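# Commentary on secondary and tertiary structure
Here are the chains, one letter per residue:
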Amino acid sequence: MTRCMTLAEAIDRFVPDGSVVAMGTCLEAAIPFAAGHELIRQGRRDLTLVGPISDMLFDHLVGAGCVRQISAAWVGNVSAGLAHCLRRAVEEGVPAPVEIRDHSNFTIGLALLAAGIGAPFIPTRTSMGSDLPLENPDLIESTNPLNELGEPIVLVRAIQPDVLIVHVQRADEAGHAHLWGPLGVTREAVLAARRIIITAEEVVPSATILRDPNRVIAPAHKVAAVVEVPGGAHPSPVPGYYDRDHAFFEEYHARSRTLEGFEAWLREWVLDLPDHAAYLEHLGAARWQALQQTRETV
Amino acid sequence: MTYTPREMMIVTAAREIRDGDVVFVGMRLPLAAFVVAKRTHAPRAIGYFECGLIRETPPAALLYTMSDPANVAGAAWAGGLVDVMGLLATGHVDVGFLGGAQVDRFGNLNTTRIGSARAPKVRLPGSGGAADIASFAQRTVILMPHAPHRLVEEVDYITSPGYGSGGDWRTQVGLPGGGPSAIITTLGVLRFDEHGEAYLASYHPFTTPEEVRAKTGWDLRIPHEVDITPPPTEAELQALRVYDPDGVWIGEA
């Protein structure tokens, strides 16, 4: 069977308004920017975003007015600095207020792990004494019932995303997908999410994938859509395919400093482009070529 | 040999890594400190990266982020975040690096917001892995440019707990890790006394204890005898500049 479709169709069918969406689960690598841009093009609203850190993508979505709530450990621009759209949303309610549930990286991982194993929560000793559990209703201060002294413990409430969007190196039409490099919280997220959208650098024959099932990141029957999107993680890197476009992060940081600057950036790189192929064309062949890695046998 | 305050800070941070240490590296400046330590006095140090990587050798190219392909190439392990955090939570990390917008005299760090929840003045990125490192590492080292609005009397939000309100606070709240061992700034090195309060342990060669006190937002305790931080050696500076020849991280902001 095939689960292949266009990115526009996958986002239209499987990410309705109000969805809880996990993205960027590999941290700074393989961030599904193309899928995020399609969410903006289709004008999604009231999304809840879930992720450990989000290197710039969550800032785009906040600036575009797609987001109502964020459960994350870190939202910003890793090499360049603060997230200007997030700042405007939180500090001024522009373009709309956003509720942030502040996690640590570990508690986001544990929240997804809990959902993936059917547990209502997972206890941990991280973040105790910090202000995270005081303000985030999904981190609950409690005591260890197995300890006579009643030692303090934090309960991390399970988070079940409606949909997880993962960008991978390669997948087959049925949704078997190879992901390698830093995995972040992706293994926890594929088990936690109700369904999964795979965007892949390449769609390849099943035999290429199934010769190495250890590298298959998710059970294919949870995959709702497979979309071939070469360059779909740009400007983030994809190990074995292309490097991080550091300058792109710098440029966005500088241009998004003002609301007008952000809106112009968004028109140039998202709204005025029909799809990701047009985005890569706008990026230019020379710039794209310079990022390509020597393709090792993998 | 000339060097900048930022180079002094990174080299001093590198010296906090002992040979054979497991280091929770984190992002930005600590990436450079790890490389300097590996290439000078601590060749056997091991680096943890919360994206899921473990390194036994320094990366071959400058890293902008821990997930850059240059950090994957030659990695000793590529797993997941919960794997690496699990190693941290079970006591395997000797030293973890932290940075932030504000730190107080007890080493409590804020990377979440300036201002109150109701009226935030500056929304900062948040914890990332910092709260986890602060909770579990045997010791932590805090890196921060030295300024009175950064070394403050009271942080607006405790993202990463240090010694809380001092004394045995960490034990009371149940934190397993050892807490901060140093705040390394562009002007000096602060260490912590038995009550968990920071004092000036050394000042960098280009400044004075008076300047350090003037640029600290609380009444910093300065002992009678304060050392001068040993300046960077040629080997340390070379390791740093070979790693970052264009000054991406070591250039003055």
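Keep in mind the model is a prediction, meaning the values are calculated, not measured. (Residues numbered from 1 in each chain as written. Chains lettered and ligands numbered in written order. Predicted model: local features only at pLDDT ≥ 70, side-chain atom pairs only at ≥ 80, totals over all residues. Heavy atoms only, no water.)

Below, the discussion takes up the overall build of chain B. In terms of helices and strands, chain B carries 8 helices and 14 strands. A compact globule built from 253 residues would reach a C-alpha radius of gyration of about 18 Å, and chain B, at 17 Å, matches this within 12%. On the principal axes, the C-alpha backbone points of chain B span a range of 45 × 45 × 35 Å. In chain B, which comprises 253 residues, the share counted as buried stands at 62%. Of the roughly 9,400 Å² of accessible surface on chain B, a fraction of 52% belongs to carbon and sulfur atoms. Each charge sign in chain B was given a centre, from 21 positive and 28 negative side chains, and these centres are 4 Å apart. (Helix = DSSP H or I, 4+ residues; strand = E, 2+ residues; numbered from the N terminus. Rg over C-alpha atoms; globule rule 2.2 N^0.38 Å. Buried < 20%, exposed > 50% of the residue type's maximum accessible area, 1.4 Å probe, protein only. Areas by Shrake-Rupley, 256 points an atom, 1.4 Å probe, with all protein chains shown as cover. Lys, Arg positive; Asp, Glu negative; His and termini not counted. Charge placed at Lys NZ, Arg CZ, Asp CG, Glu CD.)

Attention now goes to the interface of chain B and chain A. Contact with chain B, which involves 49 residues of that partner, is made by 50 residues of chain A. Between chain B and chain A lies a buried interface of about 3,900 Å² when both sides are counted; carbon and sulfur atoms form 63% of it. Taken together, chain B and chain A are joined by 3 salt bridges. With a shortest N-O distance of 2.7 Å, A:Asp102 and B:Arg123 are connected by a salt bridge. (Contact = heavy atoms within 4.5 Å. Buried area = accessible area lost by both parts, 1.4 Å probe. Salt bridge = Lys/Arg side-chain N within 4 Å of Asp/Glu carboxyl O.)

So, on to the sheet that holds strand β7 (residues 152-157) of chain A. Residues and elements named next belong to chain A. Strand order in the open sheet formed by 3 strands is β5-β7-β6, with antiparallel pairing between adjacent strands. Each having just a single partner strand, β5 (121-124) and β6 (139-143) make up the two edges of the open sheet. Averaged over all neighbouring strand pairs, the angle between strand axes comes to 35°, with direction disregarded. The sheet contact formed by β6 and β7 spans 5 bridges and is antiparallel. Residue pairing in the sheet places Leu139 in a bridge with Val156 of β7. Where helix α5 (residues 105-116) meets the sheet, it contacts β5, β6 and β7, and its direction lies at approximately 145° from that of β5. (Pairing = 2+ DSSP bridges. Axes fitted to C-alpha atoms, helices over the stretch in contact; angles between N-to-C directions.)

Atom-level detail of predicted coordinates should not be read off regions where pLDDT is low. Averaged over all residues, the pLDDT of chain B equals 96, while 99% of them reach at least 70. Interface scoring of the predicted complex returns ipTM 0.97; its pTM is 0.97. (pLDDT = per-residue confidence, 0-100.)

Let us look at helix α8 (residues 234-243) of chain B. Residues and elements named next belong to chain B. Listed in full, the buried residues belonging to α8 are Glu236, Leu237, Ala239, Leu240 and Tyr243. Along the axis of α8, the buried residues cluster in a sector spanning 160°; they form a single face. Residues of α8 that are exposed and angled more than 90 degrees away from the buried face: Glu234, Gln238 and Val242. Of the surrounding elements, those touching the buried residues of α8 are α1 (5-14) and α2 (29-39). (Arc of directions from axis to C-beta.)

A word on the sheet that holds strand β2 (residues 46-49) of chain B. Residue and element names in this part refer to chain B. The 10 strands are arranged β4-β3-β2-β1-β5-β10-β11-β12-β13-β14 in an open sheet whose pairing can be described as mixed. Taken across any chain shown, the strands that pair with only one partner, and hence form the sheet edges, are β4 (77-78) and β14 (227-228). Its contacts with the sheet put α1 on β5 (95-99), β10 (139-144), β11 (180-185) and β12 (188-192), and the angle it makes with β11 is roughly 160°. Contacts from α2 reach β1 (22-24), β2, β3 (53-55), β5 and β10, with the element oriented near 160° to β2.

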